[in-house]
Amino acid sequence: MTSDAQGRARFGRSTSRIAIFGLVAAVVSLLLPAIPALVASFVAVVLGLVARRQLRVDPATGPSWVSLVALLLGGFIFLAQGAIVWMATFSG
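The structure presented is a predicted model; accordingly, all values stated were derived computationally and were not measured. (Residues numbered from 1 in each chain as written. Predicted model: local features only at pLDDT ≥ 70, side-chain atom pairs only at ≥ 80, totals over all residues. Heavy atoms only, no water.)

> What exactly am I supposed to notice about the overall build of the protein chain here?
Within the protein chain, the secondary structure is distributed over four helices and zero strands. Split into buried and exposed, the 92 residues of the protein chain put 27% on the buried side. Relative to all contacts within the protein chain whose residues are 6 or more apart in sequence, the contacts with residues 24 or more apart total 70%. Surface exposure of the protein chain reaches about 6,200 Å², of which carbon and sulfur atoms provide 73%. (Helix = DSSP H or I, 4+ residues; strand = E, 2+ residues; numbered from the N terminus. Buried < 20%, exposed > 50% of the residue type's maximum accessible area, 1.4 Å probe, protein only. Contact = heavy atoms within 4.5 Å. Areas by Shrake-Rupley, 256 points an atom, 1.4 Å probe, with all protein chains shown as cover.)

> How should I be thinking about a nonpolar patch on the surface in this particular structure?
A contiguous nonpolar surface patch, about 410 Å² in accessible area, is contributed by Ile20, Phe21, Val24, Val28 and Leu32. By the element assignment, Val24 lies in helix 2 (residues 17-29). Take Val24: its relative accessible area is 46%, and that puts it in the partly exposed class. (Patch = residues over 30% accessible without salt bridge, like charges linked within 9 Å, V, L, I, M, F, W, Y side chains within 5 Å. Salt bridge = Lys/Arg side-chain N within 4 Å of Asp/Glu carboxyl O.)

> I'm lost on the packing of aromatic side chains in this one. Help?
For any pair of aromatic rings, the description consists of the separation of the ring centres together with the inter-plane angle of the planes. Summed over all chains, the structure comprises two aromatic pairs. With 6.1 Å between their ring centres and 45° between their planes, Phe42 and Phe78 make a pair best called tilted. Note that Phe42 is positioned in helix 3 (residues 34-57) and Phe78 in helix 4 (residues 64-90), a separation of 36 residues in sequence. Given a relative accessible area of 33%, Phe78 falls into the partly exposed group. Aromatic side chains Trp86 and Phe90 sit 5.7 Å apart centroid to centroid with 55° between the ring planes, which places their arrangement in the tilted category. You can see Trp86 and its partner Phe90 sitting in helix 4, four residues apart, about one turn around the helix. This pair shows no difference in class: Trp86 is exposed, exactly as Phe90 is. (Phe/Tyr/Trp six-rings, centres within 6.5 Å; stacked < 30°, edge-to-face > 60°.)

> Please explain the environment of Leu23 as it appears in this structure.
Mapped onto the elements of the fold, Leu23 is located in helix 2. Sequence spacing of Leu23 and Leu73 is 50 residues, and the spatial spacing of their C-alpha atoms is 8.1 Å. Beyond its immediate chain neighbours, meaning those up to four positions away, Leu23 contacts Val66, Val69 and Ala70.

> What exactly am I supposed to notice about the side chain of Gln81 here?
Take Gln81: it is sitting in helix 4. Residue contacts for Gln81: discarding those within four places in its chain leaves Ala34, Ala37 and Leu38.

> I tried to follow helix 4 on my own but got confused; where do I start?
Since one α-helical turn is 3.6 residues long, residues separated by three or four positions face the same way. For helix 4, with 27 residues, the first-to-last C-alpha span of 39 Å sits near the 39 Å given by 1.5 Å per residue. Restricting attention to buried positions, one finds in helix 4 the residues Val66, Ser67, Ala70, Leu71, Gly74, Ile77 and Gln81. Those residues of helix 4 that are buried are in contact with helix 2 and helix 3. (Expected span 1.5 Å × (residues − 1).)

> What is the right way to look at the confidence of the model for the protein chain in this model?
Interpretation of this model should avoid reading the predicted coordinates in detail wherever pLDDT is low. Of the residues in the protein chain, 85% have a pLDDT of 70 or more, and the chain-wide mean is 86. Of all secondary-structure elements in the protein chain, the lowest mean pLDDT belongs to helix 1 (residues 4-11), at 52, while helix 2 reaches the highest, 94. (pLDDT = per-residue confidence, 0-100.)

Okay, here's the thing in structure tokens:
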């Protein structure tokens, strides 16, 4: 039986599940209303950061573009929805 690292070396990179969940959370936040979208996009940013840190520790965990897309998309949605909620709350 091979260890996990040997299996990844033989079959190539395996994408981090954390990065995939972050990307899914970012995409789902596109479909949600403002407050739930803030929560989902925040989760996407946190998972993207954790996946990036995991990628630096073990480069065989997968392509870095998955966690980068989760970070960028989640951050953009968080800022956009935050601005919408702020404007709706504090406008006259």
